[in-house]
Amino acid sequence: MTELRPIALCNVVYRICSKVLANRLKKILGEVISPLQSAFVPGRLISDNTLVVTEVAHFLHKKRSGEEYFSLKLDISKAYDRLEWNFLRQILLKLGFAAEWVDLVMTSIQTVSYSFLVNGEVRGYVRPSRGIRQGDPLSPYLFILCAEGLSSLIEFFAQQQWIQGIKVTPTAPLLHHLLFADDSFLFGAATEEECQQFRNILYAYEIASGQRVNLQKSNVAFSKNVSMDRQLYLADILGVQRVDKHEKYLGLPTHVGRSKTAAFAYLKEKLTKKVVSWRAKLLSGAGKEILIKAVAQTVPMYVMNCYMLPLGLCDDMHQLCAGFWWGDSEEKNKIHWRSWERLCVPKKEGGMGFKNLHWFNKAMLAKQSWRLLHNPNSLIARLYKAIYFPNGEYLTAGLGDTPSFSWRSIVEARQVLVQGLRWQVGNGERIEIWNHNWIPDVYPRGPSSPPPYDAPRFVEELIDPITRSWDVNLLASPPPPVDSYKAVWKAIWDAKIPSKEVWHRAGLQLPTGPGDNFIDWNSQLWEHKKQHASEAVLLTMGWYEEFKKVNVQPTDIRRQLVKWTRPQENWVKVNCDGAFQPATRKGGAGVVIRDANGAFQVGAARLLPLVTSPFHAELMALKEGINLAVALQHEQVLFESDCSLLVQAVHSTEPDLSTMSMLLDEIRLVLQNHGGYRINYVSREANTVAHGFASHALRNSDSQTWFGIAPEFIRDVIRNDCNR
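What comes next concerns the included structure. All figures in this text were calculated on a predicted structure; none of them were measured in a lab.

## Examining the side chain of Asn 687
Structurally, Asn 687 can be placed in the loop between β16 (677-681) and α27 (688-699). Separated by 3.4 Å, the side chains of Asn 687 and Asp 642 make a polar contact. Filtering out sequence-adjacent residues up to four positions away, Asn 687 remains in contact with Asn 575, Cys 576, Asp 577, Glu 640, Ser 641, Asp 642 and Val 682.

## Observations concerning helix α16 (residues 379-388)
Most of α16 sits inside the fold, with seven of its 10 residues counted as buried. Residues of α16 that are buried: Leu 379, Ile 380, Ala 381, Leu 383, Tyr 384, Ala 386 and Tyr 388. Elements in contact with the buried residues of α16: α3 (46-62), β4 (177-180), α15 (357-374) and α17 (405-412).

## Describing the sheet that holds strand β13 (residues 586-594)
What links the strands of a sheet is backbone hydrogen bonding, and the strands pair in either a parallel or an antiparallel sense. Spatial strand order, β16-β15-β12-β13-β14-β17: six strands in an open sheet with mixed pairing. The strands lining the two open edges of the sheet, one partner per strand, are β16 and β17 (704-707). Between one strand and the next, the sheet's axes are offset by a mean angle of 15°, whatever the strand orientation. As paired elements, β13 and strand β14 (residues 600-608) share eight bridges and run antiparallel to each other. When the sheet's bridge partners are listed, Val 592 is paired in β14 with Gly 603. Against the sheet, helix α25 (residues 644-651) touches β15 (637-641) and β16, its axis set at about 140° to β16.

## Quick word on the side chain of Asn 49
Mapped onto the elements of the fold, Asn 49 is located in helix α3. Judged by its relative accessible area of 2%, Asn 49 falls in the buried class. One polar contact links Asn 49 to Tyr 249, side chain to side chain, over a distance of 3.3 Å. Once residues within four sequence positions are removed from consideration, Asn 49 is found in contact with Ser 38, Leu 178, Leu 179, Phe 180, Tyr 249 and Leu 250.

## Regarding the packing of aromatic side chains
Tallied over the entire structure, the rule returns 27 aromatic pairs. Summarising the aromatic geometry, the rings of Phe 693 and Trp 706 are spaced 5.1 Å apart at their centres and angled 20° between planes, so their arrangement reads as stacked. In this pair, Phe 693 sits in helix α27 while Trp 706 sits in strand β17, placing the two residues 13 residues apart along the sequence. Geometrically, the ring pair formed by Phe 693 and Phe 713 is edge-to-face, given 6.0 Å between the ring centres and 80° between the ring planes. Taken as a pair, Phe 693 in helix α27 and Phe 713 in helix α28 (residues 712-721) lie far apart in primary sequence, 20 residues in all. Each member of the aromatic cluster is reached from another via a ring pair, and the members are Tyr 384, Tyr 388, Phe 389, Tyr 394 and Trp 407. The ring of Tyr 14 is capped by Arg 133, whose NZ or CZ atom sits 4.2 Å from the centre of that ring.

## Describing the pattern of salt bridges
Per the stated rule, a full pass over the model turns up 16 salt bridges. In this structure, Arg 89 and Asp 103 form a salt bridge, with 3.1 Å as the shortest nitrogen-oxygen distance. Separated by 14 residues along the polypeptide, Arg 89 in helix α4 (residues 85-94) and Asp 103 in helix α5 (residues 99-109) bring together distant segments of the chain. The class for Arg 89 is partly exposed, based on a relative accessible area of 25%. Its relative accessible area of 39% is what places Asp 103 among the partly exposed residues.

## Digging into α25
Residues of α25 that are buried include every one of Leu 646, Val 647, Ala 649 and Val 650, and no others. Seen from one end, α25 has its buried residues packed into an arc of 160°, which puts them on one side. When the buried face of α25 is taken as reference, the exposed residues oriented beyond 90 degrees from it are Leu 645 and Gln 648. Summarising the contacts, the buried residues of α25 are in contact with α24 (614-631), β15, α26 (661-673) and β16.

The rules we used
- Residues numbered from 1 in each chain as written.
- Predicted model: local features only at pLDDT ≥ 70, side-chain atom pairs only at ≥ 80, totals over all residues.
- Heavy atoms only, no water.
- Helix = DSSP H or I, 4+ residues; strand = E, 2+ residues; numbered from the N terminus.
- Polar contact = N/O pair within 3.5 Å; in protein donor to acceptor, adjacent residues only side chain to side chain.
- Contact = heavy atoms within 4.5 Å.
- Buried < 20%, exposed > 50% of the residue type's maximum accessible area, 1.4 Å probe, protein only.
- Pairing = 2+ DSSP bridges.
- Axes fitted to C-alpha atoms, helices over the stretch in contact; angles between N-to-C directions.
- Phe/Tyr/Trp six-rings, centres within 6.5 Å; stacked < 30°, edge-to-face > 60°.
- Lys NZ or Arg CZ within 6 Å of the ring centre and 35° of its normal.
- Salt bridge = Lys/Arg side-chain N within 4 Å of Asp/Glu carboxyl O.
- Arc of directions from axis to C-beta.

See below:
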């Protein structure tokens, strides 16, 4: 029976039901599951666990004095098949799930039955009393919820100070366990009492859940300051084998020594076996391309998430792929008509689009840098901060003393991320005006001119603390004179071209004004105005958005007859619209609030002095409408906007990485805190009043709000706007 592999076949209807339950469940897993579990929880990656384990392994390896510690790697046998149904039910109820939901889940997992093939004939049906199904979309989530029982039990023992766990540094998070599905690590002090307590924890969990720890496949490693006799004694208490180090965890080496090539030699061996098997097949060029891209170059990809592979190893794998591409055999190598570097160029530029593994490795590690910046409260980010930059920030952190290989790898690739980073302005207290890239543009940059002697240092000094808007007067102060086109001038004067007589014969007038330079003159010549490249991009995009908004023809003539509709009883409707003027970078926000009878309550027109895009103006208009609704203490409000992108962005649950994410987060937070607030998309024809206010704001510099009575210039529009 130990070799039995039961397979529960699920029909289509069951899979649909199970998938619906799983999709609902996974949305709240992050709030239920401990940070010490990473499997199947959205936003948590397998690499997080791997990096934590490698950091602990490095700590144990270099520890020569002081407290003694151990790490215990567990192997759970037949994890899915042994899970007790009653334990699962009690865990779900204890976590706070509704009884109706629990009954629905339990009903789904208790419908399974098995039959057996004996001499080719189907014999009998067996209905199990425990276990969850392999291949069921719901099973992974149910398993980690049950594993939360083990996690909570360990947490309870730690709170009672019955176990100590490991602290890599005094400020590091306490680590006593790390779970990834059925791959588990336990960490603790190398004492008889602690080892016995962990045995008690595992025994209690086994009795309750039905799970069993496979002691033959589990092992324990100790810090270097624990004597060999004591290691053997404590391993005997735990009932597992003692090892010098855990070879692998989740498929990666837990500790990489001095010989990096030897540590990752298995990658080359694995790729070699694949290439040798492919050589015996008659493959077209297209077939070889698919195998290289989809199989060969994915072999080291998982390792590249955590470690920087030696450059020589990458070259060896490149050589294997190149040999396969050009048709090398064991007897004879073919001519390689192009270098591998050339084959890695995109197809549109004449290459084949293969990966350069070294640069791809750097890109993968740069993603880890991004996660450390974007998720500073994650377990691995807090651990790295405590060890390597307790008093600083990640972007300026050094290698530190005796760093782990994983940390060294991430720092080595950090520059790839830094080259494309730009700060997103919130309160601006950490952004240095002159040293950080923070200005929205077509590429990340800071101010192009050097700071004057008494210039402000941080971006927060440029923001009005009361209105939370830019201090326009301070921003408009003239910068120190500087020629930012010295390189351009040098290239022009060094160029071997005909003399200036060519300009005159062409009928072109050279710039002569004291404030003109060559770049400005070129803009004036062709566009009759001064303009920099970044300004041209903003202007072009703004004009394009306005063109689309005005000139898109309706697909149905009936759309032209759409009018504003009244909200339901006891609700108010807030219509918002933004307008953008690319030439001046100004915007207008228009808001109108009407009740269930269609009666005008409040209208607002706000001039927005510094706007970067039409979408920015739409966001500011919605924020203005929300502020008015909150100030008037309306509890049931329907917001409407004619910007579909805005409504989609507000409703989206995905993290936003655009320059507008701070505004979006503020809006989402208000909507979340006010349960009666909703936002919908409407056509431009049903949003004419708000549009009129936004246009009025652009024409008039004074911000205005009208209460009770609509201004005269918009009254006719309001009268004709409502569908009675």
